[in-house]
Each structure stands twice: as structure tokens, then as C-alpha cells.
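Given next are the chains, with one letter for each unit.
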Amino acid sequence: MEPRAAQVQRRERLGRQQEDRPSREGNAEVHRGPDLVQWTQHMQAVKTQLLEQAQGQLMELLDQAMWEAVQAYPLQDRPVPSIPPDSLRKTREPSLGKRKVFIIRKSLLDELMEVPHFRTIYHMFVAGLCVFIISTLAIDLIDEGRLMMEFDLLTFSFGQLPLALVTWVPMFLSTLLVPYQALRLWERPQSGGAWTLRVGLGCLLLAAHTVVLGILPVHVAVEYQLPPASRCVLVFEQVRLLMKSYSFLRETVPGTLWARGGEGIRAPSFSSYLYFLFCPTLIYRETYPRTPNVRWNYVAKNFAQALGCVLYACFILGRLCVPVFANMSQEPFSTRALVLSIMHATLPGIFMLLLIFFAFLHCWLNAFAEMLRFGDRMFYRDWWNSTSFSNYYRTWNVVVHDWLYSYVYQDGLWLLGGRARGAAMLGVFLVSAVVHEYIFCFVLGFFYPVMLLLFLVFGGPLNFTMHDRRTGPAWNVLMWTLLFLGQGIQVSLYCQEWYARRHCPLPQTTFWGLVTPRSWSCHT
């Protein structure tokens, strides 16, 4: 056996070792702590990157699978015609790309609003509106000695709104009845002479429909001198109804004309066409994914936010633009004054861009989507993260982009044999630029091709130079810088022209006087 003295010594050594062990482990933890934190952060970054990549690839795979499933699945109560692939491609689907697939999904901002950090940014914009209201009340109290908010700019902009709404009624009735009736005239197999007569009658109806939509709102706006906001109602509905009419005919006429060969493809139901005229999409489908119920509190919230954006825009124009540009045409022209006015207009310009995006593309479209239980709420993507203008154009307004991609780009490729993608893309830019310039001309009441030049001279080259291979934060900063400058140019030049035409009216109305910028020569 071991002597007692040796046992005591051994126990003491073991005790000292146990006492020293926590201190050594603590020192090891101290040295290992920073490395462990860095390693954890690195693994979190790797995990986030892998999840983003996996999500993107998974979404592409699911979209492709759903598109193939939709193409393979027969429509309800409609037999699948046994058309050869080549004939099908030439008749019913003359396009080279994917068709728009609708699925149930929320708008991106609705998802982001669930994050408290992002919701704080929204609260900051609401606080800015409160500051504008307080500033207005304080100025009225100091200058007038009373607390009263005057909405002169708002009441002027929406003047004669009832007349604009009355004008909308025949525009809508023409869109509701004429395209559908023309399709019904073309669908029934008849003898050669009878079918030719039906085709001619349908074409006459469509020509009359185009004249009504093209001339009636312009005549009312010019004859009764409608103010800008009332003109906005007419021109947006004019463009929307024309685009919807074209989409309906483009999606249904090829199959209907082919059906004359003996296959029975019925025309879509009138209720599906009526639903399409109100739902927030420009691509016609006979059915769309629907949500189970309507959240009326969500509808009221979005309409209230849209109204708040209109008030916000009026405060911005009244406080930041009118005082600067109202008397600018009365001063001598100088390059310095022009540059300073553009720089001053960048902030209100970008505010107006954000307000238009939030009020229309998010609030207005989501309110109608909720009332109609329209499931696909992807009206925009994360355009604010774009590092290229090509991505910005695709993600800013998905509703219009889908229409341009389906009926201008894809059909252009089909007509050109799929060999001229640059020409098809140029056609998209040309159509978009002309329509945007027409909208500005209609709303403001004069022709000043600022938007047209920005689209064609700057937007086109930027689309090809700042392409999707440009990545990194610096490119996103560059994109936002160019957006700021572009909005400043538009706000500055359009405001100067607006007030110049009021300070320097023409003694005699001529064509060149209408299309020549007045701000270049008006210095009273």
C-alpha cells in the first residue's frame, strides 16, 4: 500500500491542478473568443450568401416548372387541339420567350414592412409629412394670424374632376363592348363571304374604338382646359384601356382564327374579360390565382396611404418648387441659374419619384388587387437595389414591363426571326419613350421633349453600358446619383416651361409656337 504521506502529497497536487484548470481554460477562452466571434460572423455571411443563391435558383426552377405545367395542362372545359408544334408556334403563340405565369405572392414592400428596421424608414417619411403640415400651420399663424391649412394647389390640380370622370364612362364602355364583340364576330366558322363581312365589321368596330379612346380624352382636355391631375385621370385610363384591349385581342384572336379550320375553341367568357378590365395586370388570362377573402381594412389602409402621398406631393411642390420657379422666367437666363435650379430640384424630384412609386405601384394596385382577390401582387421588384439600368427598367414597373416584354420585345423577335434582339430592345425603348412623352405632354398641356431625350439619349446607352454584369455597391450608388440628376432635370425644366407659358402667352396660336419651348425666350 501507498504510505499516508505520499497519499496526502498526491491529493494536494491533484487539488492544485484542479484549481489551476479553470484559470487555464479561462485564459484559453479569452484568446479563443475573438477568433470564435470572427468565425461565427464568417459562417453567418456564408450561410446568408448560400441561402440567397439557393433561393434564386429555386425560384427560377419553380417558375420554369410552373410555366411548363401550365403549358401542358388543358384549360378547363376546353379541349386541347391537336396542332403540330410548328403550327401552334405560328398561330396561337408567335413568341420566342416565356409567357407570364401568375402565382399567389405578396408585394415586396408588404413583406419588408414586417421587418421593424425597414418599417422605421416608413415612419420617417410619415414624420416628414407631419413636419410639412406643422410648417404650413406655423407659417399661416405667423403671416395670417390664423390656423388654417389652404390647399390651393390641390384644389387647382383636381379641378373639373367630375368632367374627367364623366368622360371616362364612354371610354370604358367602348373598351368593355367593342373588343369582345369583335372577337365574337370572328369566332364563328362561316362561309367565306359571310366570314369576310364579319371580319370587316369587327375591324370597323375596333377602328371606332381606337378613335374614341384616342380623340375623346384629348378633345375634352383641350376644349375645357382641364388642370393637370384631372388630365392624369384621363391619360392614364386612355393608355391603360388601349393596352388592355390589345392584350385581350392578342391573347385570344390567334386561337379564334385558327378555330375556323374545324377545331372548337370557344371565346372566353364575358365575366373573365370584365374582371380583366379592373384587375391590376395588363396581360390577359381567362383565369388568375385568387385569394380566399377580402381584407377591407387593408384596402382602406392602402387608399388612405395613397391620399397621404397626394397631400405629400402637394406640400413638396408648394414648399420646394413653386417659390423657386414661379418667378424664374422673369430673371435673365444664365447657365449658373439653370444649373442651380437643377441641383435644387433633385431632392423634390426624387421625393416625387418615390411618392409616385409608393402611391400607385404599391398602394393603389394593392387596394384593387385586394378588392378583386387578385393573387399575384408582384407589381414591382427590388429596383432600389439595382446596380444597372437594365435591371432598374425591368424591376421598377413590372406591370408595364410584362406588357412591353410580351407584345413588343417577344413579338418583335418573332417577326424578325429571332435574330435581332438589339432591334427588338430598341423598339421597346422607342415605344416606352414615346408613350411617356405623350403622357407628360397631355398632363402639362405643352410639348417639351425632356422625357423623350432622357429616355433615348441617356436611357438607351445606359441600358447597354450599365448592364447586369455591373455589380457592387459603387454601381448602385452611381445608379441613384443618375436618378437624382435625372429627376432634377425633369422637375426644373418642366416647372420653368410651365411658368414661362403663363408669364409669356402667345399673341397668336401657331404650331411652332406650341412646340417651341417658351422658357428659352421668356424673360419679362
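Residues numbered from 1 in each chain as written. Predicted model: local features only at pLDDT ≥ 70, side-chain atom pairs only at ≥ 80, totals over all residues. Heavy atoms only, no water.

Focus on the overall build of the protein chain
And step 1. Across its full length, the protein chain holds 17 helices and zero strands.
And step 2. By the burial criterion, 39% of the 524 residues in the protein chain qualify as buried. (Helix = DSSP H or I, 4+ residues; strand = E, 2+ residues; numbered from the N terminus. Buried < 20%, exposed > 50% of the residue type's maximum accessible area, 1.4 Å probe, protein only.)

Concerning unusual backbone geometry
And step 1. Positive phi outside glycine occurs at Gln-160, with the angle close to 60°.
And step 2. Position of Gln-160 relative to the elements: it lies in the loop between helix H5 (152-157) and helix H6 (161-187).
And step 3. Judged by relative accessible area, Gln-160 falls into the partly exposed class, the value being 36%.
And step 4. Positive phi values are uncommon outside glycine, yet Gln-225 reaches one of about 50°.

Examining helix H14 (residues 421-444)
And step 1. Spanning 24 residues, H14 covers 35 Å between terminal C-alpha atoms, matching the ideal 34 Å at 1.5 Å per step.
And step 2. Listed in full, the buried residues belonging to H14 are Ala-424, Val-428, Phe-429, Ser-432, Ala-433, Glu-437, Ile-439, Phe-442 and Val-443.
And step 3. Looking one or two places after H14, you find Gly-445, whose phi comes out positive at around 85°. (Expected span 1.5 Å × (residues − 1).)

Some remarks on the UniProt feature "active site" (unreviewed entry) in the protein chain
And step 1. Sites flagged by UniProt as "active site" (unreviewed entry) map to His-436.
And step 2. On the basis of relative accessible area, His-436 is assigned to the partly exposed category, the value being 30%.
And step 3. Non-local contacts of His-436, meaning those with residues more than four positions away in its chain, are made with Met-451 and Phe-455. (UniProt positions renumbered as here; feature names shortened; annotations may be inferred. Contact = heavy atoms within 4.5 Å.)

A few points about the packing of aromatic side chains
For any pair of aromatic rings, geometry is given as the distance between the ring centres together with the angle between the planes.
And step 1. The tally for this structure, following the rule as stated, stands at 40 aromatic pairs.
And step 2. A ring pair is formed by Phe-172 and Phe-278, whose centres lie 5.2 Å apart and whose planes are at 50°; its orientation type is tilted. Residue Phe-172 is located in helix H6, and its partner Phe-278 is located in helix H9 (residues 270-278); the two are separated by 106 residues in the primary sequence.
And step 3. Ring geometry for Phe-357 and Tyr-380: centres 4.9 Å apart, planes at 80°, overall edge-to-face. Here Tyr-380 lies in the loop between helix H11 (335-371) and helix H12 (389-396) and Phe-357 lies in helix H11, a separation of 23 residues in the sequence.
And step 4. The structure contains a cluster of three or more aromatic residues connected by ring pairs, namely Phe-357, Tyr-380, Trp-383, Trp-384, Phe-389, Tyr-392, Tyr-393, Trp-396, Phe-429, Trp-480 and Phe-484.
And step 5. Note that Lys-100 overlies the ring of Phe-102, its terminal NZ or CZ placed 5.4 Å from the centroid. (Phe/Tyr/Trp six-rings, centres within 6.5 Å; stacked < 30°, edge-to-face > 60°. Lys NZ or Arg CZ within 6 Å of the ring centre and 35° of its normal.)

Details of the pattern of salt bridges
And step 1. Under the counting rule described, the total for this entry stands at nine salt bridges.
And step 2. Here Asp-376 makes a salt bridge to Arg-105, at a shortest N to O gap of 2.8 Å. Residue Asp-376 is located in the loop between H11 and H12, and its partner Arg-105 is located in the loop between helix H2 (85-91) and helix H3 (108-112); the two are separated by 271 residues in the primary sequence.
And step 3. On the basis of relative accessibility, which here comes to 4%, the residue Asp-376 falls in the buried class.
And step 4. In this structure Arg-105 comes out as buried when scored by relative accessible area, which is 18%.
And step 5. Its salt-bridge partner being Arg-501, residue Glu-497 comes within 2.8 Å of it at the nearest N-O pair. With Glu-497 and Arg-501 both in helix H16 (residues 473-503) and four residues apart, the pair spans about one turn of that helix.
And step 6. Assessed through its relative accessible area of 0%, Glu-497 is described here as buried.
And step 7. Judged by relative accessible area, which is 12%, Arg-501 ranks as buried.
And step 8. Among the ionic contacts, a cluster of salt bridges with common partners joins Arg-295, Glu-370 and Arg-377. (Salt bridge = Lys/Arg side-chain N within 4 Å of Asp/Glu carboxyl O.)

Here we look at the UniProt feature "transmembrane region" (unreviewed entry) in the protein chain
And step 1. Residues annotated by UniProt as "transmembrane region" (unreviewed entry) correspond here to residues 121-142, 162-183, 195-216, 303-326, 338-361, 412-431, 438-457 and 477-495.
And step 2. Structurally, residues 162-183 is divided into 100% helix and 0% strand, and its ends, taken at the C-alpha atoms, are 33 Å apart.

Details of the side chain of Ser-388
And step 1. Its place among the elements puts Ser-388 in the loop between H11 and H12.
And step 2. Under the relative-accessibility criterion, Ser-388 is labelled buried at 1%.
And step 3. Within the structure, the side chain of Ser-388 is placed 3.3 Å from the backbone nitrogen of Asn-391, a separation counted as a polar contact. (Polar contact = N/O pair within 3.5 Å; in protein donor to acceptor, adjacent residues only side chain to side chain.)

Some thoughts on a nonpolar patch on the surface
And step 1. Where nonpolar side chains cluster on the molecular surface, the patch consists of Val-169, Leu-173, Leu-177, Phe-270, Leu-274 and Phe-278 and spans about 470 Å² of accessible area.
And step 2. Put simply, the parts of the chain that give the nonpolar patch at least two residues each are H6 and H9.
And step 3. Along the chain, Val-169 turns up in helix H6.
And step 4. Classification of Val-169 by relative accessible area gives partly exposed; the value is 38%. (Patch = residues over 30% accessible without salt bridge, like charges linked within 9 Å, V, L, I, M, F, W, Y side chains within 5 Å. Areas by Shrake-Rupley, 256 points an atom, 1.4 Å probe, with all protein chains shown as cover.)

Regarding the confidence of the model for the protein chain
And step 1. Mean pLDDT over the protein chain stands at 79; residues scoring 70 or higher make up 77%.
And step 2. Averaged pLDDT values for the elements of the protein chain fall to 35 in H2 and rise to 93 in H9.
And step 3. This model gives residues 70-96 a pLDDT under 50, and the stretch forms 40 contacts once residues within four places in sequence are excluded. (pLDDT = per-residue confidence, 0-100.)

Quick look at the side chain of Arg-501
And step 1. At 2.8 Å, the side chain of Arg-501 and the side chain of Glu-497 are in polar contact.
And step 2. Setting aside chain neighbours within four positions, we find Arg-501 in contact with Phe-446, Phe-447, Gly-513, Leu-514, Thr-516, Pro-517 and Arg-518.

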